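# Residue-level structural notes
This is what each chain is made of:
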Amino acid sequence: MPTSFMPSRRHFLLGLGTAGAASLLVSSARRAAGYSAPSERPVFATIGLRNQGWAITNKSFRWADFAALADVDAKILDEYVGKVEKAQRKKPDAYKDYRKILDRKDIDAVMIATPDHWHTKMAVEAMLAGKDVYCEKPLTLTIAEGKLIEKIVKQTGRVFQVGTMQRTECNKLFLQAIAIVRAGRIGKVKTVTCGIGGMEASPVIPVAPVPEGLDWDFWLGPAPKVPYRALPELRQGYGGGVPLFSNCHYSFRNWHEYSGGKLTDWGAHHVDIACWALDAVNTGPSKINPMSFTLPVEYREGHPTVHDRYNTATKFSIRVDMPNDVKMIITSEGDNGVLFEGEKGRLFVNRGKITGKPVDELKENPLPEGAIEQVYGGKVPENHTVNFIDGMKARKQPISDVWSHNRMLEICHLSNIAMRWGCQLNWDPVKREIVDNPKANAFLSRESRKGFEISM
């Protein structure tokens, strides 16, 4: 066993193997050394650093100890080992291969913040290894992957939090908006518009030398084997320090091979809030109609015909027919956020504001006491990690569970499939299948590259 975190005091028991496990069992056999917190602290590991990997790790130090980190970029791994050691005054172990983390018996949970095409393989294997999982959004690359994760959560009884942190954080603005809608302050909802922004098309991106320290083949993992591509200009600001145009690092979001563009980036946040407010977390749409859209490259039979530039949609307006005759619009235009329009009024919410007449009227007619807590299902904790750890202790699923996440993410995946085929899709939310379109239905799943299949 690695020596950085040797067992010494009480600790979470791994291997609660059934979904019915309701109470926390602890063991005195093992515990991360060097900490004096009065309460039990779980031992975590993070897989995939930079950006969100560091963000979710950094906000978790108060409640968890990090025994290990994994990343396929040696330079980044070394940098963040130093950051974690400084933050918690204990050096975590470092691995290029995440499977070495899963082999360890002293780790209770993993936080996964890799590119999207790795999420399902890592999450499933982590649960089968007895770990609880916090995985960044979007949870999956395909709808079939979501179904598999649901099956494994049920099979293993692991606690699984998805990183749609707008449910917990952002000054409770989204919770307030949902409470207003559910209190009937805008009347029956007719339309909900999710503004998620567009993206820039790329120039031709040439094949380039793989950056020193990056294991490109391992980074690709389940995705098809292709050469590394990059232009020399560097990205600035959030996610900075890497090529502005590439098929790796921050830009992976702009390639269907690894992600789903804006639909699964910001869409995974705002469509989630919309579905939650509409109480549509256990069902789905009937139709997905791409009213207008721009793809940056030519497509044939649902596949891009060139592979040297970004291929996810740059502009779009998609109509989604939701239950109870609600129309959802997902658009690249307008303000980023969610607009609810009802028979009696409208309100807009994003991470920085909540506006509209029903909001102004709260001064004279506030929501009933406990309305926000009722939406959340209890007291709202300080952040998303705390909700995850509370779920670990109680052995119950947290606020961003895999079932509700997958239901709303199906809308985002289907929107991308509709644009790739250039047609309306009819969806059966019970069977979770595209109706009368076998070619589009084939896009609900994707084969993994040989050697990177999920280990079951």
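Residues numbered from 1 in each chain as written. Predicted model: local features only at pLDDT ≥ 70, side-chain atom pairs only at ≥ 80, totals over all residues. Heavy atoms only, no water.

A few words now on the overall build of the protein. The secondary structure content of the protein amounts to 14 helices and 19 strands. What you see for the protein is a C-alpha radius of gyration of 22 Å, in line with the 23 Å of a compact globule of 456 residues. With the C-alpha coordinates aligned to their principal axes, the bounding extent of the protein is approximately 60 × 60 × 40 Å. The buried share of the protein, reckoned over its 456 residues, is 59%. (Helix = DSSP H or I, 4+ residues; strand = E, 2+ residues; numbered from the N terminus. Rg over C-alpha atoms; globule rule 2.2 N^0.38 Å. Buried < 20%, exposed > 50% of the residue type's maximum accessible area, 1.4 Å probe, protein only.)

Of note, Thr 314 is situated in the loop between β12 (303-304) and β13 (315-322). Overall, the relative accessible area of 9% leaves Thr 314 in the buried class. Beyond its immediate sequence surroundings of up to four residues, Thr 314 is in contact with Gly 198, Met 199, Glu 200, Ala 201, Thr 294, Pro 296 and Ser 332. (Contact = heavy atoms within 4.5 Å.)

Following both chains from N to C, one finds helix α9 (residues 267-277) and helix α13 (residues 402-421) inclined at 125°, their axes separated by 9 Å at the closest point. Here α9 lies oblique to α13, going by the angle between them. The two elements α9 and α13 cross, and the hand of that crossing is right-handed. In this structure, α9 uses Gly 267, Ala 268, Val 271, Asp 272 and Cys 275 to contact α13, whose residues at the interface are Met 408, Leu 409, Ile 411 and Cys 412. (Axes fitted to C-alpha atoms, helices over the stretch in contact; angles between N-to-C directions. Parallel < 35°, antiparallel > 145°, perpendicular 65-115°, else oblique. Left-handed = near helix turned anticlockwise from the far one by under 90°.)

A few words now on the sheet that holds strand β4 (residues 65-70). The strand order across the open sheet formed by six strands is β5-β4-β3-β6-β7-β8, and the pairing between neighbours is parallel. This sheet does not close on itself; its edge strands, each paired only once, are β5 (93-95) and β8 (160-162). Adjacent strand axes in the sheet meet at a mean angle of 20° when their direction is disregarded. Pairing between strand β3 (residues 43-47) and strand β6 (residues 109-112): four bridges, direction parallel. Bridge assignment links Ala 45 to a residue of β6, and that residue is Val 110. (Pairing = 2+ DSSP bridges.)

So, about the sheet that holds strand β19 (residues 433-434). Pairing in this open sheet of nine strands is mixed, and the strands run β17-β16-β15-β9-β14-β13-β10-β18-β19 from one edge to the other. If you trace the sheet from one side to the other, it starts and ends with β17 (354-355) and β19, each paired once. Relative to strand β15 (residues 337-342), strand β9 (residues 189-195) runs antiparallel, the two being bridged by six bridges. Each bridged residue has a counterpart across the sheet, and for Val 192 the counterpart in β15 is Phe 340.

Within the secondary structure, Leu 234 sits in the loop between α7 (216-220) and α8 (261-264). In this structure the C-alpha to C-alpha distance between Leu 234 and Phe 245, which are 11 residues apart in sequence, comes to 8.0 Å.

Residues of β6 alternate between two faces, with Ala 109 and Met 111 on one and Val 110 and Ile 112 on the opposite face, all of them buried. Where the polypeptide runs from β6 across helix α4 (residues 119-128) and back to strand β7 (residues 132-135), its parallel neighbour, the crossover connection is right-handed. (Right-handed = clockwise from strand over helix to strand, strands pointing away.)

Below, the discussion takes up the pattern of salt bridges. For the structure shown, the criterion picks out 26 salt bridges. Here Glu 150 makes a salt bridge to Arg 432, at a shortest N to O gap of 2.9 Å. Taken together, the residues span a long stretch of sequence, with Glu 150 in helix α5 (residues 143-156) and Arg 432 in the loop between β18 (425-428) and β19 at a distance of 282 residues. Each of the two residues, Glu 150 as well as Arg 432, counts as buried. Here Asp 217 makes a salt bridge to Arg 449, at a shortest N to O gap of 3.0 Å. (Salt bridge = Lys/Arg side-chain N within 4 Å of Asp/Glu carboxyl O.)

Okay, the nonpolar core next. A general trend in soluble globular proteins is that nonpolar side chains are found buried together. By size, the foremost hydrophobic cluster in this structure holds 64 residues, and its most contacted members are Val 271, Trp 276, Met 328, Ile 330 and Phe 340. Sequence-distant contacts of Ile 330, defined by excluding residues within four places in its chain, comprise Cys 194, Ile 196, Leu 263, Val 271, Phe 316, Ser 317, Ile 318, Val 320, Ile 411 and Ser 415. Formed by 47 residues, the second largest nonpolar core is a distinct cluster that contains Ala 68, Ile 149, Leu 220 and Phe 252. (Core = buried A, V, L, I, M, F, W, Y, C linked by side-chain atoms within 4.5 Å.)

What follows concerns the confidence of the model for the protein. Averaged over every residue, the pLDDT of the protein is 92; residues scoring 70 or more account for 91%. Note on residues 1-38: pLDDT is under 50 here. Beyond four places in sequence and across chains, it has 107 contacts. (pLDDT = per-residue confidence, 0-100.)

Here we take up the side chain of Thr 331. Locating Thr 331 in the fold gives a position in strand β14 (residues 326-331). Not counting residues up to four positions away in its chain, the partners in contact with Thr 331 are Thr 193, Cys 194, Gly 195, Ile 196, Gly 197, Phe 316 and Ser 317.

With that out of the way, let us pick up helix α12 (residues 384-394). Burial analysis of α12 places eight of its 11 residues in the buried class, the great majority of the element. Listed as buried for α12 are His 384, Thr 385, Val 386, Asn 387, Phe 388, Ile 389, Gly 391 and Met 392. Those residues of α12 hidden inside the fold are in contact with β3, α1 (50-58), β6, β7, β8 and α11 (371-376). With a side-chain oxygen positioned 3.0 Å from the backbone nitrogen of Thr 385, the residue opening α12 is Asn 383. Following α12 by one or two positions, Arg 395 adopts a phi angle in the positive range, close to 55°. (Polar contact = N/O pair within 3.5 Å; in protein donor to acceptor, adjacent residues only side chain to side chain.)

Let's shift gears to the pairing of β9. When you tally the buried positions in β9, you get six out of seven residues, the bulk of the element. The sheet contact formed by β9 and β14 spans five bridges and is parallel. By the bridge assignment for β14, Cys 194 is matched with Ile 330.

Describing an aromatic ring pair means giving the distance of the ring centres and the angle of the ring planes. On inspection of all chains with the given rule, the structure shows 17 aromatic pairs. Note on Phe 245 and Tyr 310: the rings are 5.9 Å apart at their centroids and 40° apart in plane angle, and the pair reads as tilted. Placement of Phe 245 in the loop between α7 and α8 and of Tyr 310 in the loop between β12 and β13 is noted, with a sequence separation of 65 residues between them. Its relative accessible area of 7% is what places Phe 245 among the buried residues. Between Trp 255 and Tyr 310, the ring centres sit 5.8 Å apart and the planes meet at 80°, which makes this aromatic pair edge-to-face. With Trp 255 in the loop between α7 and α8 and Tyr 310 in the loop between β12 and β13, this pair connects stretches of sequence that are 55 residues apart. Of the two residues, Trp 255 and Tyr 310, neither departs from the other in class, the shared state being buried. Note that Lys 83 overlies the ring of Trp 54, its terminal NZ or CZ placed 5.5 Å from the centroid. (Phe/Tyr/Trp six-rings, centres within 6.5 Å; stacked < 30°, edge-to-face > 60°. Lys NZ or Arg CZ within 6 Å of the ring centre and 35° of its normal.)

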